[in-house]
Structures are given as structure tokens and as C-alpha cells.
Amino acid sequence: MKFVSERRKFSARYKDEAVQLVVQSGRPINSLRTQSSIAIALPVTRQPGPETSDLTTPHAYPWVQDEAYDSSRPFSIGSQIMNTVSRTEMWRGTLAISRIGIEPKEPVTLGASGSPRKTSEVADPIEAVCAVFQSGGKRVALVSLDLLYGGDCLLSRISARLPTESALEVVGIFASHTHTAPATDASKPLLGEVDSKYVEELVSTLSEALGELCAPGNGAEVELFVGSADLHLTMNRRRHWPLVVERSGGKRRFRLRGTVLAPNVGGASDNTVTVSVFRSPESGRPLAVMWNFACHPVGYPQPDRISSHFIGVVRDHLRRVFEDMELPVLFLQGFSGDVRPRAKDTLQPSISWPKRALLGPGSASFTTEGYAEWTGQLAEAVTTLALNASSPVNGSGLTAKEVRVPRRFFLEGTPSDSEVTFKSIRFGDDLLVVGASAEMVSEYAMWVRRNVTTKWTMIAGCMDDVVGYVPTERMLKEGGYEATGFCERFSARRVPAGVESAAKSGLNRVLDVT
């Protein structure tokens, strides 16, 4: 990857009215209101303020029809911070990073299709980003993939091929969970048939990339800045229903007062979006962006074509605004097991009467126009946070921890016996990345946020070999897809009682990383 050092110049424009955004450092972004647009000006001084921010309007960031770049405003977030924060307090490390296109050369089965149909049609590119971070004598690797799940074969085979001198404390493979990407998890054949040739090429490419990144002398010095806000673009998808039909072991049974997959706007969801920007200390130029958001990438209007879903839209928008089409962007999917996009389209029912009486209303997919609007709002919010990520991570070094828990405590009767993993990586004093090899529901994210003391926490699921959904004990009693309904499609028998205790135990052991 070639690092360019010149400064950038920009401004951001919005088509409709927007709310004022306050980044987590407490600094307001001055909104210059006009009748047709809002120009967001960079903050130049630090001000005391709330520890968190809230985008209170679900349509705070409408789709941008065009971008305008203001040549009078220098790209100088990094230098502004240097004027207010001692450089000795700020986290510094080395980052070696590469981005790789992973579109299949031959037709493949998509990971969540459940259909034997294969496709090689690409609606938008899918990528992998390999990153090796080093600080304080510790080194960790993160791999971000536009896939449903990575699967055990990716983690184990990649780890086995890494040179022994790589000395990595932790390797985390994070899937974006897009439902329109090649199947790679052989332990869940009912979700999609795995193409062994594609997987082998993927393993070979990623192993080679990580090996090169770990070579001595690779990487660039970086500092780390973070922005975070609450963004109301998602909704819970578990809805209580008076009469439901449940499927288990090929059989159907009726149940009174059950749970169906349908919009539940008042239900739990983790609304926090966190954006970390790794900048060159000399130029202030972004060398990479890592962001975290909890939302199922579902409802894509072209479900039979390969797509990175909203992850790719945000990525492309970041690159356009930063004027760097090679900018590496890592995405960490949050604890989104029971969360999906909230939009006018997806609030509509997908099941007609009389089936709705037993199956619930369902949730419709996006129209092409609705998808562009929703992903545009998300892209604008993430990009605004990245542009204004001016609160530095302080402290020094990297601290990593990994805990393994037997699979039987989470899911019984699966063809895989790999353990469920929990990992944490702390950057300095202020940024903690927590990962789990499961589709965790949003209540666990809220539990984590209540039990951490770091200034920012990125909470990520769909890591490594995903066991399946991890519901709470309450959800097990209520039933529904995330509690019992998924088991058959995941080639499993059932979720055992005590799963919540096992999940919290694993999380708690990696949260204590000091």
C-alpha cells in the first residue's frame, strides 16, 4: 500500500435539515444553516460537554446528491489536536495494512441463500482488509471480510500458515455478515454450499497478505482518533405475537404468545456507532478507518447478486470524501443478532393475510430507492464522524486477551466442535475492541457497555468460527428465531439452558484486560 502525505481539503454538504452532532469529546460541530443545505464546519477548540452524543433524528443525514470540496479549508484535524493535547499523552503505534478484492472468479452459492443456485454477478465489490497493529512490543492482527461468516477453516488454516516469527498476540477474523457473499462456513451447509476452491484461494491470499504485513520494517507510524454517536437507523426484529407456528426437527407446532420476526421499534438495539481514524503523525492524513455498528445487512433489493451491502456504501463514501479510493476501511459488525435496518420500506409487512395471523407481519426488503436513502444516511453519519474524529486515544501499548469456551455451552448437536472464542484488544487507555465468535443479541452489547470503563468500546460479533445465535435466558423462554428457530438451518439441535451465563462469563474474562 502506498501512503501519500499531502494534506486534504474538504467540506461536507447536506441536502436537507440536520441536527447538530456533538462528537464524544464534547466538541460541537457548528451547523451553518441555509435553506437548502447545512455545511458542517470543523471544530477548532475543545469544549466540555456530554460523554456521549445522540443523533436524535432517524433522518439526520440524508443522502448526498453531490459532494463539494472547499479549497479554503485545510485538512488539519490532526494539527488542531496537536495544539491542545501533548503528543506524549497520545497513543502511537505502527500499522501495516492491505486491502484485497475477494469477488469469486467462478459462480458460487451465497452464504445465507439456503438455495443451490450459484452466481458470479457482482452488484458491488466485496473486500478483505488485513491489518497488523504494533505498539509497546505487542502485535495483533485484525482481518475484516465482506462475508456472512468466516468459518473455522479460515481462522485455523490462516493461523497455521503464518510464519512463526510473526509473534501475533491475537488474530481476529471479523465477518461483516452480509447475506449476499460467497458461503465459506462448511459447518452450516444448509445456509449455503461452500466452494472449496474459492475458500482455498481466500486462505492463500489472506495468509500471504498477513505474512507480508508481519515482515520486519513494514508499516507506518500512526496516531488514533475516535468519534462516536448514537444513530437511530436500526430496530429490533423480535416481536411478540398472540399465536405462532414454530418449526423444529422438521415438525411444526402451534404456540400461544410467541415471538416472530417483525419490526419492533421499541425493542432493544445498540445504537452506538464508533469510528476510529488512524492518522499519520506528520501530515494528519488518514491511513485507515475502522468503524463499528450493529445491524443485520439484510433486505438487499437484489438478493441474488454479490454485494457488501451497507458496508460497501459507507466504504465508498469515506473514500470519495477523503479523496483516497485506496483507503483501507475495516468494519466490525456489532452485536446485531436481533437488529435490522429501520426504514420506511423495512417497516412494511412482507406477509399477507391470512398467513400473517400465524406467522406475524414479517419485514419487507428494501426497494432500490429506499436502500439508497437508508445507506446514504448511514454513510453520511459515519463519514461525518470520521472527518471530525478529533478526540485522541491516550496511553500507550496494546493489550490483548483471548478466552475459549466449549461449544456445548452455547449450542448442542452441531457438526463442529470448535470452541467459542472471546477476544479483546485495548489501544492505550481509551479504546477497547471486544469480539465474540457468535451472533450475539443486542442486550449483551448493553451489558458490556455497562461493565467497561474505557472511553470508547467497539463491540463486535461474527468473529472467527461463528457458533450461531446467542440469546438470553428470557429469549429462550419466549422462543423465536434467535432462540430456537435458527437451529435447524444451522445444523444444530438446540440452545442449552445457561447460555447467558456462559456468554457473560466469556465476555467478563476478556473485559478485564488490564
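For clarity, every value in this text was computed on a predicted model and none was experimentally measured. (Residues numbered from 1 in each chain as written. Predicted model: local features only at pLDDT ≥ 70, side-chain atom pairs only at ≥ 80, totals over all residues. Heavy atoms only, no water.)

A. The overall build of the protein, seen in detail. Along the backbone of the protein there are 10 helices and 24 strands. In the protein, which comprises 514 residues, the proportion classed as buried is 60%. For the protein, the proportion of contacts with a sequence separation of at least 24, taken over those separated by at least 6, is 77%. Split by element, the accessible area of the protein, about 19,900 Å² in all, is 49% carbon and sulfur. (Helix = DSSP H or I, 4+ residues; strand = E, 2+ residues; numbered from the N terminus. Buried < 20%, exposed > 50% of the residue type's maximum accessible area, 1.4 Å probe, protein only. Contact = heavy atoms within 4.5 Å. Areas by Shrake-Rupley, 256 points an atom, 1.4 Å probe, with all protein chains shown as cover.)

B. Layout of unusual backbone geometry. Phi angles above zero are rare outside glycine, and A167 is one such case at about 50°. Within the element layout of this structure, A167 appears in the loop between α2 (152–161) and β10 (170–175). The phi angle at C462 is positive, at roughly 55°, despite the residue not being glycine. According to the relative accessible area criterion, C462 is buried, its value standing at 2%.

C. Geometry of the packing of helix α7 (residues 442–451) against helix α10 (residues 499–511). Where α7 contacts α10, the axes come no closer than 11 Å and their chain directions differ by 35°. Every pair of crossing elements has a handedness; the one defined by α7 and α10 is right-handed. For the pair α7 and α10, the contacting residues are Y444, W447, V448 and N451 in the first and V499, E500, A503, K504, L507, N508 and L511 in the second. Looking at the contact of α7 with α10 residue by residue, the class counts come to seven nonpolar, two polar and two charged. (Axes fitted to C-alpha atoms, helices over the stretch in contact; angles between N-to-C directions. Left-handed = near helix turned anticlockwise from the far one by under 90°. Nonpolar A, V, L, I, M, F, W, Y, C, P; charged D, E, K, R; others polar.)

D. The arrangement of the confidence of the model for the protein in detail. When pLDDT is averaged along the protein, the result is 83, and 82% of the positions lie at 70 or above. Between residues 1–86, whose pLDDT stays under 50, and residues either more than four places distant or in other chains, the model counts 205 contacts. (pLDDT = per-residue confidence, 0-100.)

E. Structural context of the packing of aromatic side chains. Inspection of the entire model under this criterion finds 20 aromatic pairs. Seen from their ring centres, F133 and F427 are 5.3 Å apart, and the 90° between their planes marks the pair as edge-to-face. With F133 in strand β8 (residues 127–135) and F427 in strand β20 (residues 420–427), this residue pair connects regions lying 294 residues apart in the sequence. When its relative accessible area of 1% is taken as the criterion, F133 is described as buried. For F427, a relative accessible area of 0% corresponds to the buried category. Seen from their ring centres, W291 and F331 are 4.5 Å apart, and the 50° between their planes marks the pair as tilted. Of the two residues, W291 sits in strand β15 (residues 286–293) while F331 sits in strand β16 (residues 329–333), which places them 40 residues apart along the sequence. For F331, a relative accessible area of 1% puts it in the buried group. Among the aromatic residues, those joined into a ring-pair cluster are W291, F293, Y300, F310, F331, F366, Y371 and W374. The ring of Y149 has K188 lying over it, and the distance from NZ or CZ to the ring centre is 5.3 Å. (Phe/Tyr/Trp six-rings, centres within 6.5 Å; stacked < 30°, edge-to-face > 60°. Lys NZ or Arg CZ within 6 Å of the ring centre and 35° of its normal.)

F. Representation of the nonpolar core within the structure. Within the largest apolar cluster, 42 residues are counted, with the highest numbers of intra-cluster contacts made by F335, F410, F422, M440, Y444, V470 and L507. Elements with a minimum of two residues in this core: β19 (398–405), β20, β21 (431–436), α7, β24 (469–470), α8 (473–478) and α10. Broken down by element, the residue count for this core peaks at six residues, all from α10. Those residues in contact with F335 that lie beyond four places of it in its chain are A294, A436, M440, V441, S442, Y444, A445, I459, A460, G461 and L507. Within the second largest apolar cluster, 35 residues are counted, among which are W291, I311, F331 and A381. (Core = buried A, V, L, I, M, F, W, Y, C linked by side-chain atoms within 4.5 Å.)

G. Highlighting the packing of helix α4 (residues 310–321) against helix α6 (residues 368–387). Two elements in contact, α4 and α6, have axes separated by 9 Å at closest approach and are oriented at 50°. In terms of axis orientation, α4 runs oblique to α6. By crossing handedness, the relation of α4 to α6 is classed as right-handed. Seen from α4, the contacting residues are F310, V313, V314, H317, L318 and V321; seen from α6, they are Y371, W374, T375, L378, A379, E380, V382, T383, A386 and L387. Class assignment of the residues belonging to the contact of α4 with α6 gives a composition of 12 nonpolar, three polar and one charged. (Parallel < 35°, antiparallel > 145°, perpendicular 65-115°, else oblique.)

H. Spatial organisation of the side chain of S307. Among the structural elements, S307 can be located in the loop between β15 and α4. Polar side-chain contacts of S307 include one of 2.9 Å to the backbone nitrogen of H309. Not counting the four nearest positions on each side in its chain, S307 is found in contact with A123, D124, I126, T178, T180 and Y300. (Polar contact = N/O pair within 3.5 Å; in protein donor to acceptor, adjacent residues only side chain to side chain.)

I. Here's a closer look at the state of the cysteines. This structure, assessed with the given rule, holds zero disulfides. For the unlinked cysteine C130, the closest cysteine sulfur is that of C214, found at 9.8 Å. Overall, the relative accessible area of 0% leaves C130 in the buried class. (Disulfide = S-S within 2.5 Å.)

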